[in-house]
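# Secondary and tertiary structure notes
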Amino acid sequence: MDLLHQYSDDQNDDEPDSPSQNPSSPPRLLPGRTGAPKVDDTMLALTVSSSASALSRPIDPTQHLVGFNPSYDQLWAPIQGPAHPYAKDGIAQGMRNHKLGFVEDASIEPFLFDEQYNTFHKFGYAADPSANNYVGDLDALRSNNAVSVYNIPRHQQKKRKTEAKDKKISDQNDEEDREEEEGEEEIENPASEAWLLKNKKSPWAGKKEGLQGELTEEQKKYAEEYAKKKGEEKSGFGGEKAEVVKDKSTFHGKEERDYQGRSWIAPPKDAKASNDHCYIPKRLVHTWSGHTKGVSAIRFFPKYGHLILSASMDTKIKIWDVFNSGKCMRTYMGHSKAVRDICFSNDGTKFLSAGYDKNIKYWDTETGQVISTFATGKIPYVVKLNPDEDKQNVLLAGMSDKKIVQWDMNTGQITQEYDQHLGAVNTITFVDNNRRFVTSSDDKSLRVWEFGIPVVIKYISEPHMHSMPSISLHPNANWLAAQSLDNQILIYSTREKFQLNKKKRFAGHIVAGYACQVNFSPDGRFVMSGDGEGKCWFWDWKSCKVFRTLKCHEGVCIGSEWHPLEQSKVATCGWDGMIKYWYVNSNVKLHLVT
């Protein structure tokens with residue numbers, strides 16, 4: 001205790017309440033010590049000038065508005081807490097993004113930056129974006145009243161316009177004086193500098209003397225050939241005019257009307273469905289081989305199927321007898337290039353054809369006459385009539401210029417254009433009692449439209465999707481089968497959401513690169529499609545398993561159609577120019593002559 005009192009006396013000699021002076025007070029212990037590190041309060045100190053204080057003080061985290069552009073140091077300055085143990089300026093070494101320090105990005109609009117940049121280079125001063133002051137030549141700032149290059153007073157603008165106008169007039173006068181001084185020979189000589197100065201704008205800037213006389217015979221001939229050549233170029237791909245070809249048709253049957261006066265396209269009275277179930281065909285029973293090039297599409301006569309229509313790349317359309325003789329009944333010639341698509345009307349008395357000559361023709365099936373022709377200067381890839389009985393005059397065509405064009409065939413006028421796709425339109429399929437239709441395109445998407453309203457109500461596009469050049473509607477109208485170019489057939493619902501049915505997927509065939517048609521059996525039990533190897537594939541709708549494959553053609557089997565009444569018969573067409581008819585019973589050859 002004596003040593004403790006002695007230590008206390010040595011340390012507290014000046015204190016009046018020390019134990020040596022006041023023996024009655026309790027002894028004092030050593031002063032307390034804390035383990036907290038020293039706080040870096042350098043950024044808390046206020047500087048003398050207000051502007052400097054605004055730049056050095058830290059940002060108050062409770063305020064919602066900052067009146068100046070703070071620097072990086074101010075944003076990261078500690079309000080309270082320990083100083084950084086390794087960095088003297090309070091910024092960690094890891095926060096530096098450059099060898100020489102921290103490169104800070106200032107947020108400023110491009111227009112404001114250009115304004116201040118040009119103002120500084122012209123007048124010598126500019127506004128500092130980090131504070132409410134100016135940098136540069138302050139004397140020029142006062143003399144110009146802090147004006148920028150984009151904020152020139154009106155009287156200054158008027159003065160500049162006047163000076164520019166006077167300068168232009170003086171330049172013209174000087175040029176005229178120079179021309180007068182120089183001789184006319186100098187001006188007319190193209191090798192002289194005077195001629196170059198006079199015609200400096202363009203080679204045709206000089207004034208023409210006199211009017212153009214009549215063309216010579218040689219010039220007229222050249223002009224006619226040049227105009228003809230330009231017209232042929234315009235009628236090519238992407239032009240504005242479609243090619244015009246004389247329409248004609250040839251009847252190949254014995255007589256156009258029978259002894260009762262019925263037309264050759266009239267369906268037989270006894271034609272009706274033989275049974276309710278469809279069966280997969282096994283054997284070839286007939287071949288139609290009238291086309292000289294590949295057949296691109298086939299269509300059975302609606303409801304009865306006693307005739308089959310075919311479109312070929314040899315520019316011709318033919319219709320064949322199915323029930324009786326099996327011969328070609330009529331050839332329709334009106335296209336100058338390959339025929340892309342065909343479509344029957346509901347009663348079969350008329351049909352549409354679309355060709356690569358950019359024409360859409362509306363034919364009379366019986367007489368072979370062209371009722372009307374439609375063209376927009378683009379290639380039609382698909383044509384479709386509205387299936388409603390009261391809208392058989394409405395034509396929809398998917399074009400190569402990404403549009404679906406709607407015509408009123410009674411007036412010949414375009415009534416609507418559906419322009420949302422990003423590629424050529426390949427298919428048009430009516431759904432929901434013909435109130436909507438689904439289109440597919442080369443842009444690898446599906447779009448659903450309300451008929452008559454050019455607004456997409458459903459847009460289907462996924463990264464894994466491929467182009468779908470053929471779509472068919474299931475007989476129960478609840479599903480769509482889409483031929484995808486990744487060698488599979490996808491199924492989409494036709495209800496409100498138009499969702500992909502991930503449980504149903506038909507694969508095994510090779511169709512990449514070919515627009516092979518997909519189709520259903522009339523009872524909906526089977527899915528059918530051709531492929532690029534000439535085979536026709538049949539899948540079971542419920543199990544999605546391959547039921548049978550038939551080797552049908554040499555080359556691509558591009559089209560396949562199920563007979564609407566005789567449910568066990570299928571027609572296929574290919575790029576070998578053949579149309580083949582298949583039946584389930586190998587023993588019955590029917591009454592067709594091959």
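Residues numbered from 1 in each chain as written. Predicted model: local features only at pLDDT ≥ 70, side-chain atom pairs only at ≥ 80, totals over all residues. Heavy atoms only, no water.

Looking at an unreviewed UniProt entry, one finds the chain named Pre-mRNA-processing factor 17 and attributed to Vigna angularis var. angularis. UniProt, in its Subcellular location (unreviewed entry) section for the chain, records the words "Nucleus". (UniProt positions renumbered as here; feature names shortened; annotations may be inferred.)

Let us look at the overall build of the chain. For the chain, the helix and strand inventory stands at nine helices and 31 strands. For the chain, the proportion of its 594 residues judged to be buried stands at 39%. Taking as baseline every contact in the chain between residues at least 6 positions apart, the subset at least 24 positions apart corresponds to 45%. Total accessible area on the chain stands at roughly 36,200 Å², and carbon and sulfur atoms take up 51% of it. (Helix = DSSP H or I, 4+ residues; strand = E, 2+ residues; numbered from the N terminus. Buried < 20%, exposed > 50% of the residue type's maximum accessible area, 1.4 Å probe, protein only. Contact = heavy atoms within 4.5 Å. Areas by Shrake-Rupley, 256 points an atom, 1.4 Å probe, with all protein chains shown as cover.)

Further remarks concern unusual backbone geometry. If you check the backbone angles, Lys358 has positive phi at about 70 degrees while not being a glycine. Looking at where Lys358 falls in the secondary structure, it is placed in the loop between strand 10 (350-355) and strand 11 (360-364). Backbone geometry places Phe498, a non-glycine residue, at a positive phi of 50 degrees. When its relative accessible area of 4% is taken as the criterion, Phe498 is described as buried.

Backbone hydrogen bonds are what pair the strands of a sheet, in a parallel or an antiparallel way. What the four strands build is an open sheet, ordered 4-31-30-29; its pairing is antiparallel. At either end of the open sheet lies a strand with only one pairing partner, and these are strand 4 (283-288) and strand 29 (557-562). Between one strand and the next, the sheet's axes are offset by a mean angle of 25 degrees, whatever the strand orientation. Examined bridge by bridge, strand 4 and strand 31 (residues 579-583) share five bridges and lie antiparallel to one another. In the strand pairing of strand 31, Leu284 is matched with Trp582. (Pairing = 2+ DSSP bridges. Axes fitted to C-alpha atoms, helices over the stretch in contact; angles between N-to-C directions.)

Let us now look at the environment of Met313. The topology assignment puts Met313 in the loop between strand 6 (307-312) and strand 7 (316-321). Residues contacting Met313, with those up to four places away along its chain left out, are Lys293, Gly294, Ala338 and Trp575.

The next subject is the pattern of salt bridges. A pair can form between side chains of opposite charge whenever their charged atoms are brought close. In the structure shown here, the tally under the stated rule is 16 salt bridges. Across the pair Asp432 and Arg435 runs a salt bridge whose closest N-O atoms are separated by 2.8 Å. When its relative accessible area of 26% is taken as the criterion, Asp432 is described as partly exposed. Arg435 gets classed as partly exposed once you look at its relative accessible area, which sits at 48%. Salt bridges sharing partners connect three or more residues here, namely Asp432, Arg435, Arg436 and Glu450. (Salt bridge = Lys/Arg side-chain N within 4 Å of Asp/Glu carboxyl O.)

Looking now at the UniProt feature "repeat: WD" (unreviewed entry) in the chain. Within this numbering scheme, the UniProt entry marks residues 288-322, 332-373 and 418-450 as carrying the feature "repeat: WD" (unreviewed entry). Each end of residues 288-322 is marked by a C-alpha atom, and these two atoms are 10 Å apart; helix forms 0% of the span and strand 54%. Each end of residues 418-450 is marked by a C-alpha atom, and these two atoms are 10 Å apart; helix forms 0% of the span and strand 58%.

Among the nonpolar cores identified, the biggest contains 21 residues, and Trp288, Ile298, Ile308, Val322, Ile579 and Tyr581 are the most heavily contacted of them. Secondary structure elements with two or more residues in this core: strand 4, strand 5 (295-300), strand 30 (569-574) and strand 31. The residues touching Ile298, leaving out its near neighbours within four places in the chain, are Ile308, Leu309, Ser310, Ile342, Gly559, Glu561, Ala571, Thr572, Cys573 and Ile579. Membership of the second largest hydrophobic core comes to 17 residues, among which are Phe251, Trp264, Phe301 and Ile342. (Core = buried A, V, L, I, M, F, W, Y, C linked by side-chain atoms within 4.5 Å.)

What follows deals with the confidence of the model for the chain. Mean pLDDT over the chain: 79, with 74% of residues reaching 70 or higher. The low-confidence segment residues 586-594 (pLDDT under 50) makes 18 contacts with residues lying over four places distant or belonging to another chain. (pLDDT = per-residue confidence, 0-100.)

What follows is about a nonpolar patch on the surface. On the surface, Ile108, Phe111, Leu112, Phe113, Tyr117 and Tyr150 cluster together into a nonpolar patch covering about 620 Å² of accessible area. By the secondary structure assignment, Tyr150 is in the loop between helix 5 (138-143) and helix 6 (154-181). (Patch = residues over 30% accessible without salt bridge, like charges linked within 9 Å, V, L, I, M, F, W, Y side chains within 5 Å.)

For strand 27 (residues 535-540) and strand 28 (residues 546-551), the ladder comprises five bridges, and the chain directions are antiparallel. In the strand pairing of strand 28, Trp539 is matched with Val546. Once strand 27 ends, the chain turns through five residues before running back antiparallel as strand 28, passing Cys544 with a positive phi of about 65 degrees.

This brings us to the side chain of His509. Inspection of the secondary structure assignment puts His509 in the loop between strand 24 (500-507) and strand 25 (518-520). Using a relative accessible area of 1% as the deciding quantity, one classes His509 as buried. Residues within four places of His509 in sequence aside, it is in contact with Gln483, Asn487, Gln488, Ile489, Ser529, Gly530, Asp531, Trp537 and Trp539.

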